[in-house]
Amino acid sequence: MRHTGQDGRLGTTPPVPGRPTTFLFCLCALFFALITWQVIADGPLRDADERLGPWITGSRLPDGAAEFLADLGGVAVAAPVLAAAIAYAAWRGHRAGAFRWWLGPATAAVAMVAVPVLVIPLKELIGRTGPPGTDGTGYYPSGHTATAMVAYGGATLLLLPYLRGPYARRELVIACALLNFGVGLGLMRRGYHWPLDVVASWCLFGMVLQVMALVVARYGRRATDADEEAAEPA
């Protein structure tokens, strides 16, 4: 029998590994492969992307607001947020004596390390030029988008088990999604990236976050569930 997470302990809600996670992972992988192929091959999707970019740059979002949103994807802003969530989750888990309390925080740290490990080689390999007004190559995928995705998404995954009630959890997930969308919009509005640079990072690091959720749910809680089952009367 599975039990939902209790206050101070990692439970199976959320997330629960299974078919939805597998489906989302495969969907992200498919979209990332398609976008990357179109960017490399200079396909019709890239053409549409480069027509859409100037339209977003000319949108009515004020420059100051767009710059602020784009800056939220910088390491100097995003990394401390994740570090605080890691410290809090580690403290709560250790204090509660949760099984493998260190696994979630450690996985989040590894996910952040994966950002430069994955993004830098892709930038060098693909060598995409940036929007008008930018210099050089290496704009695909977006590093700021990737940093925000892992920092705010990872922090959300770490904090969800410690929130009481579905309403609070839902609001945190919505806030995380809006924050990441805002970072991407700011980057596009300021002309720092093409739209597909941003979407590709969402797809790639959406996969990374799903792996993080799966690792914590499957390996960080399995023994706890088994202990609870053994303690239950036959």
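Before any of the text, the structure's been laid out above.
Residues numbered from 1 in each chain as written. Predicted model: local features only at pLDDT ≥ 70, side-chain atom pairs only at ≥ 80, totals over all residues. Heavy atoms only, no water.

*Asks:* Mind showing me how you'd approach the overall build of the protein here?
*Replies:* A count of helices and strands for the protein gives nine helices and zero strands. Helices and strands in the protein line up, N terminus first, as α-α-α-α-α-α-α-α-α. Taken across its 234 residues, the protein has 44% of its residues classed as buried. Taking as baseline every contact in the protein between residues at least 6 positions apart, the subset at least 24 positions apart corresponds to 78%. Surface summary for the protein: the accessible area is close to 12100 Å², and the carbon and sulfur share equals 68%. (Helix = DSSP H or I, 4+ residues; strand = E, 2+ residues; numbered from the N terminus. Buried < 20%, exposed > 50% of the residue type's maximum accessible area, 1.4 Å probe, protein only. Contact = heavy atoms within 4.5 Å. Areas by Shrake-Rupley, 256 points an atom, 1.4 Å probe, with all protein chains shown as cover.)

*Asks:* Mind showing me how you'd approach a nonpolar patch on the surface here?
*Replies:* A cluster of nonpolar residues, Phe 23, Leu 24, Leu 27, Leu 30, Phe 31, Leu 34, Trp 37 and Leu 45, forms a patch on the protein surface that exposes about 780 Å² of accessible area. One can find Leu 27 in helix α1 (residues 19–41). (Patch = residues over 30% accessible without salt bridge, like charges linked within 9 Å, V, L, I, M, F, W, Y side chains within 5 Å. Salt bridge = Lys/Arg side-chain N within 4 Å of Asp/Glu carboxyl O.)

*Asks:* What am I meant to see in the pattern of salt bridges here?
*Replies:* Opposite charge on two side chains makes pairing possible when the charged atoms of those side chains draw close. Tallying each qualifying case throughout the model produces eight salt bridges. Of the charged contacts, one joins Arg 128 and Glu 50 as a salt bridge, the two residues approaching to 3.3 Å between their closest N and O atoms. Remark: Glu 50 occurs in helix α2 (residues 44–57) and Arg 128 occurs in the loop between α5 (103–126) and α6 (143–159); sequence separation between them is 78 residues. Here the residues in one salt-bridge network are Asp 42, Arg 46, Asp 49, Glu 50, Arg 128 and Asp 197, joined through shared partners.

*Asks:* Would you take a moment to explain the nonpolar core for this structure?
*Replies:* Within soluble globular proteins, side chains that are nonpolar generally end up buried alongside one another. Core analysis: the largest hydrophobic core is formed by 40 residues, its most contacted members being Phe 32, Leu 82, Val 115, Tyr 140, Leu 158 and Phe 205. Looking at this core, the elements that each hand over two or more residues are α1, α4 (75–96), α5, α6, α7 (166–189) and α8 (195–219). (Core = buried A, V, L, I, M, F, W, Y, C linked by side-chain atoms within 4.5 Å.)

*Asks:* Looking at this structure, I do not really get the packing of α6 against α7. What am I missing?
*Replies:* The N-to-C vectors of α6 and α7 enclose an angle of 175 degrees; their axes lie 10 Å apart at closest approach. Judged on the interaxial angle alone, α7 and α6 are roughly antiparallel. Facing His 144, Thr 145, Ala 148, Met 149, Tyr 152, Gly 153, Thr 156 and Leu 159 of α6, the residues of α7 in contact are Leu 172, Val 173, Cys 176, Leu 179, Asn 180, Val 183 and Leu 187. Broken down by class, the residue content of the contact of α6 with α7 amounts to 10 nonpolar, five polar and no charged. (Axes fitted to C-alpha atoms, helices over the stretch in contact; angles between N-to-C directions. Parallel < 35°, antiparallel > 145°, perpendicular 65-115°, else oblique. Nonpolar A, V, L, I, M, F, W, Y, C, P; charged D, E, K, R; others polar.)

*Asks:* Looking at this model, I keep getting lost on α7. Mind explaining?
*Replies:* Each turn of an α-helix holds 3.6 residues, which means side chains three or four residues apart point in the same direction. Here α7 contains 24 residues, and its C-alpha end-to-end distance of 34 Å stays within 8% of the 34 Å for a straight helix at 1.5 Å per residue. Taken residue by residue, α7 has Arg 169, Cys 176, Asn 180, Gly 182, Val 183, Gly 184, Gly 186, Leu 187, Met 188 and Arg 189 as its buried positions. Taken together, the buried residues of α7 touch α2, α3 (63–71), α6 and α8. Among the residues trailing α7, Gly 191 stands out with phi positive, at a value near 75 degrees. (Expected span 1.5 Å × (residues − 1).)

*Asks:* Whenever I open this one, the side chain of Thr 107 confuses me. Can you help?
*Replies:* Considering the arrangement of structural elements, one finds Thr 107 in helix α5. You can call Thr 107 buried: its relative accessible area is 15%. Apart from residues no more than four positions distant in its own chain, Thr 107 is found in contact with Met 212, Val 215 and Val 216.

*Asks:* Would you explain unusual backbone geometry in this entry?
*Replies:* Glycine aside, residues mostly have negative phi angles, and peptide bonds mostly take the trans form. Looking along the chain, the bond that leaves Tyr 140 and enters Pro 141 is cis, with omega of -5 degrees. Relative to the elements of secondary structure, Pro 141 occurs in the loop between α5 and α6. The backbone of Asp 42 sits at a positive phi, close to 55 degrees, despite the residue not being glycine. Residue position: Asp 42 is located in the loop between α1 and α2. By relative accessible area, which is 46% here, Asp 42 ends up partly exposed. You will see that Arg 100, though not glycine, has its phi angle at about 50 degrees, which is positive. Residue placement: Arg 100 occurs in the loop between α4 and α5. You can call Arg 100 partly exposed: its relative accessible area is 35%.

*Asks:* How should the side chain of His 193 be read in this particular structure?
*Replies:* Looking at the secondary structure, you find His 193 in the loop between α7 and α8. A distance of 3.0 Å separates the side chain of His 193 from the backbone oxygen of Tyr 139, its partner in a polar contact. Of note is the side chain of His 193, whose polar atom sits 3.4 Å from the side chain of Ser 142. Those residues in contact with His 193 that sit more than four places away from it in its chain are Lys 123, Pro 131, Tyr 139, Ser 142, Gly 143, Leu 187, Met 188 and Val 198. (Polar contact = N/O pair within 3.5 Å; in protein donor to acceptor, adjacent residues only side chain to side chain.)

*Asks:* Any chance you could explain the environment of Thr 134 here in plain terms?
*Replies:* With respect to the helices, strands and loops of the structure, Thr 134 is situated in the loop between α5 and α6. Thr 134 sits 57 residues away from Gly 191 along the chain, and the two C-alpha atoms are 7.9 Å apart. What Thr 134 contacts, discounting residues up to four positions off in sequence, is Tyr 139 and Gly 191.

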